[in-house]
Amino acid sequence: MPIYFGSNFAREPFQFDSVGNDWEQESVTRPEGYPLYHYLQTKEGVGEVTVYSRNQAVSDNILSNSHTIELQKGQGILIAPNVPHSYHNKNISSGNSLPWKTEFATFTGTMAAAFREMFDEKEYRLIDENKGTDVSEAINKAVEDFKEHSSDTQMLSLDCYGIMLLLSDQSNHTHDNDDQSYVRFIKPVIDAIEES
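Note that this is a predicted model, so its numbers are computed, not measured. (Residues numbered from 1 in each chain as written. Predicted model: local features only at pLDDT ≥ 70, side-chain atom pairs only at ≥ 80, totals over all residues. Heavy atoms only, no water.)

**Student:** Looking at this structure, how should I read the pairing of strand 2 (residues 15–24)?
**Tutor:** On a regular strand, each side chain points to the face opposite its neighbour's, so the side chains alternate between the two faces of the sheet. In terms of burial, strand 2 is a largely internal element, 7 of the 10 residues being buried. In the sheet, strand 2 pairs with strand 9 (residues 101–108) via 7 bridges, with the strands oriented antiparallel. If you follow W23 over to strand 9, its bridge partner there is T102. (Buried < 20%, exposed > 50% of the residue type's maximum accessible area, 1.4 Å probe, protein only. Helix = DSSP H or I, 4+ residues; strand = E, 2+ residues; numbered from the N terminus. Pairing = 2+ DSSP bridges.)

See the structure below:
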């Protein structure tokens, strides 16, 4: 159950606040949401995530502005900062005692103010099992890099950026060099990677 926490806060453009895999997930309720972008993916078992509108507290009994999503193996969800949400092991609620194991990452860095635009300002984004395979490989690589090279902040920043790129859908688009978002956010990072 490895979990790693970033220790060099806001020194690199893209950083993990935390990253982990093979985590036996407990039930979580966040009425105020989480302060950073948070990605959660099922590795084993089945999870159930409920995302509430920012205008609705989790404690409200009126659930008309909520979305409940079942996360099967390989599926994930990226939740924006401060979006109220909760999640739990669906196996337990259906009377099954199988664990819900997850992979996850939370994101910070000097470019954090630009993350909302990078993720199209959505409250949450679902990741299917096809893209989930790529995200899982990237999270596993990041966990290994934390184990082996925890002081190499540039490598870890590139790992973080790679995962964020997968989650942003930017990896599926070609960009016009006049696209302001591309020029401002993506191109400088690609240039830095190519120079390395």
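Let us keep going from here.
**Student:** Would you mind showing me how to read the environment of D169 here?
**Tutor:** Its place among the elements puts D169 in the loop between helix 4 (153–168) and helix 5 (180–195). Distance from D169 to F119, taken between C-alpha atoms, is 8.0 Å for residues 50 residues apart in sequence. In this view, D169 contacts R125 and K131; residues no more than four positions away in its chain are not counted. (Contact = heavy atoms within 4.5 Å.)

**Student:** Looking at this structure, how should I read unusual backbone geometry?
**Tutor:** Peptide bonds are, in most cases, trans, and in most cases residues other than glycine have a negative phi. Residue D22 is not a glycine yet carries a positive backbone phi of 55°. Along the chain, D22 turns up in strand 2. You will see that E121, though not glycine, has its phi angle at about 55°, which is positive. The residue E121 is located in the loop between helix 2 (115–118) and strand 10 (124–127) in this model.

**Student:** Please clarify how the packing of aromatic side chains should be interpreted in this entry.
**Tutor:** Any aromatic ring pair is given by two values, namely how distant the centres are and how the planes are angled relative to each other. According to the stated counting rule, one finds 7 aromatic pairs in the structure shown. Ring geometry for F16 versus F107: centroids 6.2 Å apart, planes at 35°, classification tilted. Note that F16 is positioned in strand 2 and F107 in strand 9, a separation of 91 residues in sequence. F16 sits in the buried class, given a relative accessible area of 3%. (Phe/Tyr/Trp six-rings, centres within 6.5 Å; stacked < 30°, edge-to-face > 60°.)

**Student:** It is not clear to me how the sheet that holds strand 3 (residues 28–30) should be interpreted in this structure. Could you clarify?
**Tutor:** What holds strands together in a sheet is hydrogen bonding between their backbones, with the strands either parallel or antiparallel. Across the sheet, 4 strands lie side by side as 3-8-5-6; this open sheet has antiparallel pairing. Edge strands, defined here as strands with exactly one partner in the open sheet, are strand 3 and strand 6 (66–71). Here the strands of the sheet are splayed against their neighbours by 10° on average, with no regard to which way each runs. Across 5 bridges, the pairing between strand 5 (residues 47–52) and strand 8 (residues 85–89) is antiparallel. Its bridge partner lying in strand 8, V51 is registered against H85. (Axes fitted to C-alpha atoms, helices over the stretch in contact; angles between N-to-C directions.)

**Student:** Looking at this structure, I do not really get helix 4. What am I missing?
**Tutor:** Residues separated by three or four positions in an α-helix point in the same direction, a consequence of the helix having 3.6 residues per turn. End to end, helix 4 covers 22 Å across 16 residues, agreeing with the expected 22 Å (1.5 Å per residue, within 8%). Within helix 4, the full set of buried residues consists of T153, L156, S157, D159, C160, Y161, I163, M164, L166, L167 and S168. Positive backbone phi, at 70°, marks D169, one or two positions downstream of helix 4. (Expected span 1.5 Å × (residues − 1).)

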